[in-house]
Amino acid sequence: MTDVLGVAQSILGQPWRWRALAADARDGLGHDDLVAQLLLARGCPPDEIEAHRNPSIRGFMPDPSIFRDMDRAAARLADAVIAREPVAIFGDYDVDGATSAAVLVRLLRDLGLSPRAYIPDRMTEGYGPTEAALLRLQAEGANLIVTVDCGAQAFEPLAAAQDAGIEILVVDHHKCATELPRAHAVVNPNRLDETEGAAHGHLAAVGVCFLLGAALIRTLRTRGFFSDRAEPRLLDLLDLVALGTVADVAQLKGLNRAFVAQGLKVMAQRRNIGLAALTDAARLTRAPTCSDLGFALGPRINAGGRVGRADLGVRLLTTDDPAEARAIAEELNHFNDERRAIEAGVQATAETTVDRDRHVALVSGKGWHPGVIGIVAGRLKEKLDRPAIVIAVDEHGMGKGSGRSISGVDLGAAILAAKEHGLLIAGGGHAMAAGLTVEAHRIAELADFLEERLADAVVRASAGRALLVDAVLAPGGVNPGLVGAMEAGGPYGMGWPAPRIAAGPFRVIRADLVGTNHVRAIVAGADGRSLKAMAFRQADTALGQALLGAGSTRRLWLVGRARVDDWSGRDVAELHVEDAAWAD
């Protein structure tokens, strides 16, 4: 691949390469069709360009019946709706769990039920269903329980529930073992025996719940349930699907692109009172974007499960009371601020104790808050460019861990292997993220196991490490018009990266610190155009130091994402810098 601007080694030590297009994909493509270029460079087949320009649910939605146990689960739920049975929804305490539960709660309400949502406490109950919780829900009247975003590895609790006469529907997306848990139905595109449905293994749990909702409505329709009542508008729940999909860092390809593109349109209409209140609490004065879901709304929903009360997220997303919505949104906002402070302390300690010579960065600490370890793992992964696992050890010598991985390294499979090897009490996940429970005295052994299993994959992934660039621009080319044109190729996220541009050369007119770890710079090109550049969490890196020390005598090429800063009341383009290279 050709080095962009001849940069074989940037300030951060990496080459800049073009995001390649196959030669046959370029045939017949106009040079001025920027969106088509962006789509093709992200793997869109040439004959699907028009479908990807405006991804629709109709264009990407599969028949739900292709998934194993989907029709069985839909039929059982239809029985419950017709008989008006009590139903409980058992969800995970993260955003995907909250949105998954909210989708089913809202749909079942529209169908005449009053479903009970249950979210376990991260600190006292841990991840996934427990026998005690399931039996408690049965005692409250629910003999049908749907687990969402959890359950794929809950063998003992689900077996105990079935022995007690509880019917369980598992709706999940996490990796499955060869054996499935005992349940009435297990709907999961990542079942090892899945066939056609395996093509949708990138769905978040909330996406699988949406498909179950479609199957349920179809089943009720065939039974004549809607002969005297209107069908629920399932598409109105796409705002929840979009939020859960982005916050769970699911790959934005295929159906997920349609979920997010259309879900953002629904969210802009502010139909969900809770989401509207959360948008206001986050001080978003415009319709949320895909980035807002991941960095503004998602973390606030997560904060309830991390450092607050685990059920706040699903309560917010299912309430129809504006006053309650505002109160919960403000409470989540407060918990999010608290989460940031706790996270900063754990992050600082983790960075000083991690072994940087290992291919898998595994770090543990006594007394660390388990609610922030996933975020810290993500920060370590980004900083070290390798899989990272952070383990919080409690006073009983039990460690709760959370991991994040890099592209090309399947962390979820490795954690399942460690569990099968007897190293873990519990564990599971997917390629890019995983959770685990381990005894403290086995953490070192776990680190060695993962190092041996994943080192080669990390080396292979790192060998191809390069910053991929979509376009090179003069300073004046970085403007709101360009940003708008590039956004037409979205939504962007995991597996469908936002366009990255190289621009310059620039002289740094002024640079300073923002907070403790961000660098803000005003840069200017030879064409007289100036631009604000932000390098987030880069103050202590070679990039941050280069911006702070460049002065006005040396020129730099900058690479990053162009954004529109609309906080001032007028649209102004700025560059979120990811790397730089000296131009002279």
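As annotated in an unreviewed UniProt entry, the protein carries the name Single-stranded-DNA-specific exonuclease RecJ and comes from Sphingomonas parapaucimobilis NBRC 15100. What the UniProt record of the protein gives under Sequence similarities (unreviewed entry) is the line "Belongs to the RecJ family."

Q: For the packing of aromatic side chains, give the residues involved together with the corresponding values.
A: In the structure shown here, the tally under the stated rule is three aromatic pairs. Ring centres of F225 and F226 lie 5.3 Å apart, and the angle between their planes is 80°; this geometry places the pair in the edge-to-face category. One exposure class covers both F225 and F226, and it is buried. Stacked on the ring of W582, the Lys or Arg R554 has its end atom at 3.9 Å from the ring centre.

Q: An account of the UniProt feature "domain: DHHA1" (unreviewed entry) in the protein is requested, with residue identities and associated values reported.
A: Mapped onto the present numbering, the UniProt feature "domain: DHHA1" (unreviewed entry) falls at residues 363-455. Overall, residues 363-455 shows 38% helix and 31% strand. The separation of its end C-alpha atoms is 16 Å.

Q: Residues and numbers for helix α9 (residues 205-222), please.
A: Taking 1.5 Å as the rise per residue, α9 with 18 residues should run 26 Å; its terminal C-alpha atoms sit 26 Å apart, in good agreement. Burial runs high along α9: 15 of the 18 residues are buried. After α9 finishes, the residue G224 shows a positive phi value of roughly 80°.

Q: Describe the domain arrangement of the protein, naming the residues involved and giving the relevant values.
A: When the domains of the protein are assigned, the result is domain 1 (4-43 + 470-582), domain 2 (61-269) and domain 3 (354-463). For domain 1 versus domain 3, the distance between C-alpha centres works out to 32 Å.

Q: Explain the side chain of H200 to me, and be specific about the residues and the numbers.
A: Relative to the helices and strands, H200 resides in the loop between β6 (185-187) and α9. The class for H200 is buried, based on a relative accessible area of 14%. Excluding its chain neighbours within four sequence positions, the residues that come into contact with H200 are P62, I66, F67 and P189.

Q: Explain the sheet that holds strand β3 (residues 116-118) residue by residue, including any values.
A: Adjacent strands of a sheet form backbone hydrogen bonds with each other and so pair up, either parallel or antiparallel. Strand order in this open sheet of five strands is β3-β2-β4-β5-β6, and the pairing throughout is parallel. With partners counted over all chains shown, the strands left at the sheet margins are β3 and β6, one partner each. Neighbour to neighbour, the strand axes of the sheet diverge by 20° on average, direction disregarded. Relative to strand β4 (residues 144-148), strand β2 (residues 87-91) runs parallel, the two being bridged by five bridges. Note that in β4 the partner of F90 across the bridge is T147.

Q: So what's going on with the nonpolar core? Which residues, and what values?
A: By size, the foremost hydrophobic cluster in this structure holds 127 residues, and its most contacted members are I89, L111, V146, I301, I501 and L558. Sort the elements by how many residues they give to this core and α9 lands first, with 11 residues. When sequence neighbours within four positions are dropped, the list of residues in contact with V146 reads L77, V87, A88, I89, F90, L104, L169 and V171. L424, I443, L446 and L454 belong to the second-largest nonpolar core, a separate cluster that totals 25 residues.

Q: I'd love a proper account of the sheet that holds strand β8 (residues 388-393), names of residues and values included.
A: Pairing in this open sheet of five strands is mixed, and the strands run β7-β8-β9-β11-β10 from one edge to the other. Both edges of this open sheet fall to β7 (361-366) and β10 (426-430), since each of them pairs with a single strand only. Recorded for the sheet is a direction-independent mean angle of 15° between the axes of neighbouring strands. Sitting on the sheet, helix α16 (residues 373-384) touches β7, β8 and β9 (398-404), and the angle it makes with β9 is about 45°.

Q: Run through the pattern of salt bridges, naming residues and quoting values.
A: Applying the stated criterion to the full structure yields 40 salt bridges. Note that R182 is salt-bridged to D163, the shortest N-O span being 2.9 Å. On the criterion of sequence distance, the pair formed by R182 in the loop between β5 (167-171) and β6 and D163 in helix α8 (residues 155-163) is long-range, its members being 19 residues apart. According to the relative accessible area criterion, D163 is exposed, its value standing at 60%. Taken together, the salt bridges that share partners define one network made up of R68, D69, R191 and D193.

Q: Please give an account of the pairing of strand β16 (residues 530-535) that cites residues and values.
A: Across six bridges, the pairing between strand β15 (residues 518-525) and β16 is antiparallel. Residue pairing across strands places R520 opposite M534, the latter belonging to β16. Hairpin connection between β15 and β16: a loop of four residues separates the two successive antiparallel strands, and G528 in this loop has a positive phi of roughly 85°. Relative to strand β18 (residues 572-582), β16 runs parallel, the two sharing three bridges. Following the sheet pairing, K532 is matched in β18 by E574.

Q: Describe in detail unusual backbone geometry, supporting the description with residues and values.
A: Glycine aside, residues mostly have negative phi angles, and peptide bonds mostly take the trans form. Following G490, the chain continues to P491 via a peptide bond in cis, the omega torsion being 5°. Checked against the element boundaries, P491 lands in the loop between α19 (480-487) and β14 (501-514). Following G504, the chain continues to P505 via a peptide bond in cis, the omega torsion being -5°. Positionally, P505 belongs in strand β14. The backbone of L5 sits at a positive phi, close to 60°, despite the residue not being glycine. Phi angles above zero are rare outside glycine, and V249 is one such case at about 55°.

Cut-off values and rules
- Just so you know, the residues in each chain are numbered from 1, in the order the chain's sequence is written.
- Reporting of local features is limited, given that this is a predicted model, to residues whose pLDDT is at least 70; pairs of side-chain atoms are given and counted only at 80 or more, and all residues count toward the totals for whole chains, interfaces and linings.
- Values shown for side chains rest on all heavy atoms present in the structure; no hydrogens or waters enter the calculation.
- UniProt positions are given in the numbering used here, feature names are shortened, and annotations may be inferred rather than shown by experiment.
- Pairing of aromatic rings covers Phe, Tyr and Trp, the last counted by its six-membered ring, and requires centre-to-centre distances within 6.5 Å; plane angles under 30 degrees mean stacked, over 60 mean edge-to-face, and any other angle means tilted.
- For each residue, the accessible area found with a 1.4 Å probe, counting protein chains only, is set against the maximum for its type, and the residue is called buried under 20%, exposed over 50%, and partly exposed in between.
- Both a distance and an angle decide whether a charge sits over a ring: NZ of Lys or CZ of Arg must be within 6 Å of the ring centre and within 35 degrees of the ring normal.
- Each helix is a run of DSSP H or I of at least 4 residues and each strand a run of E of at least 2, with the numbering of both proceeding from the N terminus.
- By this rule the span expected of a helix is its residue count minus one, scaled by 1.5 Å.
- What fixes the domain bounds is an automatic or database domain assignment.
- Any two residues whose heavy atoms approach within 4.5 Å are treated as being in contact.
- Paired strands, as defined in this entry, are two strands with at least two bridges between them according to DSSP.
- The axes are straight lines fitted to the C-alpha atoms, using for helices just the contacting stretch, and the angles between their N-to-C directions are given from 0 to 180°.
- For our purposes a nonpolar core is just a set of buried Ala, Val, Leu, Ile, Met, Phe, Trp, Tyr and Cys residues, chained together by side-chain atoms within 4.5 Å.
- A side-chain nitrogen of Lys or Arg and a carboxyl oxygen of Asp or Glu constitute a salt bridge if their distance falls within 4 Å.

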